[in-house]
Amino acid sequence: MKLQRLEAKIKGSPIPLPLYPLPRLYFHTAWLLKLLYPYSVWKKKSEKTIYLTFDDGPTPGITEFVLDCLAKVNGKATFFCVGNNILKYKMVFEKIIDAGHSIGNHTCTHLNGWNTPTQNYLNDVYAFEKIFSTRLFRPPYGKIKPNQISKIRKTYQVIFWDVLSGDFDETLTKEGCLANCLKKIKEGSIIVFHDSLKAKEKLEYVLPELLNHFSKQGFLFSSL
Ligand SMILES: [Zn+2]
């Protein structure tokens with residue numbers, strides 16, 4: 001965890017406080033969400049297998065990079081795509097399918113369930129079916145109301161995660177992002193990365209390193 005020096009500045013004479021670790025709250029949200037959504041999938045009971053997931057794509061330039069990295073280690077992953085991005089980048093989407101990876105529903109317009117009336121939310125989820133049929137669903141931002149998830153669970157396996165890579169976090173360095181992943185990933189872990197431009201810099205550094213590190217230890221990378 002990055003250490004930050006907190007300083008109380010009083011009229012030009014800073015009073016330095018001890019080095020203090022500031023917790024990154026999103027690393028810990030999984031515990032809270034697990035209590036809220038006990039019937040969802042957070043981690044698998046698989047020996048020597050890791051489940052990489054990539055949200056928000058397809059994104060030209062990023063998706064292909066991820067596919068190349070996975071191909072080098074003969075790994076499979078799960079892409080939680082945004083329906084509208086599939087429609088925009090059909091050729092890129094086809095490359096994911098051709099490479100044999102899994103596809104998950106991440107709504108058509110990347111809705112935040114907490115701010116969206118349930119029927120609107122469900123319409124957006126089910127509209128994805130017209131684009132691609134899958135039994136896997138991940139709520140954008142991990143934010144979904146209990147009455148939304150209880151309906152969605154009837155037709156989908158709802159997939160959360162046990163490791164957030166932090167690839168979207170502008171205050172985290174790429175080295176910090178890698179260190180976070182290496183420390184937290186265990187057998188059966190489900191890890192969130194983003195197939196999007198905001199994650200590009202970290203993804204290009206972290207993904208090859210991570211795949212190399214765990215391949216050497218005999219881990220397999222599987223789709224859900
Ligand atoms: Zn998302």
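None of these values were measured; they are calculated from a predicted model. (Residues numbered from 1 in each chain as written. Predicted model: local features only at pLDDT ≥ 70, side-chain atom pairs only at ≥ 80, totals over all residues.)

Draft legend 1. Here's a closer look at the packing of helix α2 (residues 62-72) against helix α4 (residues 90-98). For the pair α2 and α4, interaxial distance at closest approach is 10 Å and the crossing angle is 15°. When the axes of α2 and α4 are compared, the pair comes out roughly parallel. Of the two possible hands of crossing, α2 and α4 adopt the one that is left-handed. The residues of α4 that touch α2, namely those facing T63, E64 and L67, are V92, K95 and I96. Class assignment for the residues of the contact of α2 with α4 results in three nonpolar, one polar and two charged. (Axes fitted to C-alpha atoms, helices over the stretch in contact; angles between N-to-C directions. Helix = DSSP H or I, 4+ residues; strand = E, 2+ residues; numbered from the N terminus. Parallel < 35°, antiparallel > 145°, perpendicular 65-115°, else oblique. Left-handed = near helix turned anticlockwise from the far one by under 90°. Contact = placed C-beta atoms within 7 Å. Nonpolar A, V, L, I, M, F, W, Y, C, P; charged D, E, K, R; others polar.)

Draft legend 2. Fine view of the packing of α2 against helix α8 (residues 200-216). In the contact formed by α2 and α8, the axes pass within 10 Å of each other and the chain directions differ by 10°. Comparing the axis directions of α2 and α8 gives the class roughly parallel. Contact residues: α2 offers I62, F65, V66 and C69, while α8 offers K200, L203, E204, L207, P208 and L211. Each residue belonging to the contact of α2 with α8 can be placed in one class, and the counts come to eight nonpolar, no polar and two charged.

Draft legend 3. Just unusual backbone geometry, in detail. A cis amide bond links G57 with the next residue in sequence, P58, at an omega value of 0°. Locating P58 in the fold gives a position in the loop between β3 (49-55) and α2. The residue D56 is not glycine, and still its phi comes out positive at about 85°. Within the secondary structure, D56 sits in the loop between β3 and α2. Accessibility expressed as a C-beta count within 10 Å gives 22 for D56, which makes it buried. Phi at H110 is positive, roughly 55°, even though this residue is not glycine. (Buried ≥ 20, exposed ≤ 12 C-beta atoms within 10 Å, placed from the backbone.)

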